[in-house]
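# Geometric and topological summary
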Amino acid sequence: MSIAAAWETAVERGANDFWCTLEDRRLGLLPERDAPLLFAALGRLTVGGDDPAGRAALLAVLGRAYRRHGLLPHAATIGDALLAAVARHARPLWTSRLADAWERAGRRADEAVRRAAARAGDGPAWCPAEVIGHDRPCDTIAILTVRPWQRLPHQPGQAVPVCTPRRPGRWRWLSPANAPRPDGTVELHVRAIAAGAVAHSLVHDVRPGELLHLGPPRDAGLRLDPSARRDLLLVAGGTGLAPLRALVEQVAAAPDGRRVTLVVGARTFADLYDASALDKLQRAHDWLTVVPAFSHDPAAEPAEQGDALTIALDHRRPDGDVYVCGPPPMLAGVRLRLLAAGVPAERIHLPTVMVL
């Protein structure tokens, strides 16, 4: 048995043992309702195997949890409680060799959490959010509307760690597609990808009435400069549209005379999943121009055929800022292409975390 297999056998049943051990050792700093989330997150970090973006999201949550509840002085006790819970539920296949492997992995996880806690800000580590809307505009994409139990302090362009109880301990960065709303609801755009367990569950399994957990918002390289009033060229691919649409809503909330061009890339017209919302925004604001870019649609107008960045450069204004967000193949080489086109480096804004 591997430490990953041992964890899988324990994740469903070990949280209560974990909590009881902490209580027995008079470590009641963590509310009981949060123990399963901490147990799942620590176990997932110890097992490893997440992609770098998923690991960063997990550490953002754990670092905030340890800071919020004053857990750092008790990290060794918490690690022992995690080990004991996993060992109990992995019997009779638990061996001394497996215990040694888990302890080594646990020390690495402990060091990573300590570094994350040193960087973490104040505030809650996570907040429950009820799914109140789940739309599937196409087979691989879902638009989720969630209502956090307490207002999420997010700003347009930020990213938020998201977890579903269907995938314990797995956190994924998503970027809200809206500026903060009076009712506090948050819209999330998710594409199911082959290697993404969380994304697959959010698209295909989660239903209204379920709870998700949202971690602390984090700057992702896509926020507007509050002191600038330059025109904006926004270039989106796939669900990379979400943070850029939030920027449009931010400008709409306080128009300042700037012009905004939003180029939305898709393979075909059928893949333009948020077309109705984009049309509504464009009709409401004369400073906004929405330009579709279809890479594989021969029926598209000639000016709309091609990759999103090539079409976007035809709409670039010399003194504007350029924001680009999309899947990794789209982002590869984007900075070099923009620099070659004459865009100053300080006017180029790309995501610093994978928010798709």
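## Some points on the packing of aromatic side chains
For the coordinates displayed, the defined rule picks out 3 aromatic pairs. Judged by centre distance (5.4 Å) and plane angle (45 degrees), the rings of Phe18 and Phe39 are tilted. Of this pair, Phe18 sits in helix 2 (residues 15–24) while Phe39 sits in helix 3 (residues 35–47), and the two are 21 residues apart along the sequence. Classification of Phe18 as buried rests on a relative accessible area of 0%.

## Brief notes about a positive patch on the surface
The grouping of Arg55, Arg115, Arg119 and Arg218 at the surface amounts to a positive patch. For Arg119, the location among the structural elements is in helix 6 (residues 96–119).

## Quick notes on the side chain of Ser201
Inspection of the secondary structure puts Ser201 in helix 7 (residues 197–204). Each residue touching Ser201, except ones within four places of it in the same chain, is listed here: Thr164, Arg166, Arg167 and Val206.

## Some words on the sheet that holds strand 8 (residues 260–266)
In a beta sheet, neighbouring strands pair by backbone hydrogen bonds and run either parallel or antiparallel. With parallel pairing, 5 strands are arranged side by side in an open sheet as 9-8-7-10-11. The outermost strands of the open sheet, each flanked by one partner alone, are strand 9 (288–294) and strand 11 (348–349). Sheet topology note: the strand 7 (residues 232–237)/strand 8 ladder contains 6 bridges and is parallel. Residue pairing across strands places Leu234 opposite Leu262, the latter belonging to strand 8. Across the sheet, helix 8 (residues 241–253) touches strand 7, strand 8, strand 9 and strand 10 (321–325), and the angle it forms with strand 7 is around 150 degrees. Here helix 9 (residues 275–284) sits on the sheet and contacts strand 8 and strand 9; the angle it forms with strand 9, its principal contact strand, is near 150 degrees.

Scoring rules and cut-offs
Residues numbered from 1 in each chain as written. Predicted model: local features only at pLDDT ≥ 70, side-chain atom pairs only at ≥ 80, totals over all residues. Heavy atoms only, no water. Phe/Tyr/Trp six-rings, centres within 6.5 Å; stacked < 30°, edge-to-face > 60°. Helix = DSSP H or I, 4+ residues; strand = E, 2+ residues; numbered from the N terminus. Buried < 20%, exposed > 50% of the residue type's maximum accessible area, 1.4 Å probe, protein only. Patch = residues over 30% accessible without salt bridge, like charges linked within 9 Å, V, L, I, M, F, W, Y side chains within 5 Å. Areas by Shrake-Rupley, 256 points an atom, 1.4 Å probe, with all protein chains shown as cover. Salt bridge = Lys/Arg side-chain N within 4 Å of Asp/Glu carboxyl O. Lys, Arg positive; Asp, Glu negative; His and termini not counted. Charge placed at Lys NZ, Arg CZ, Asp CG, Glu CD. Contact = heavy atoms within 4.5 Å. Pairing = 2+ DSSP bridges. Axes fitted to C-alpha atoms, helices over the stretch in contact; angles between N-to-C directions.

So yeah, pure geometry; function would need other evidence.
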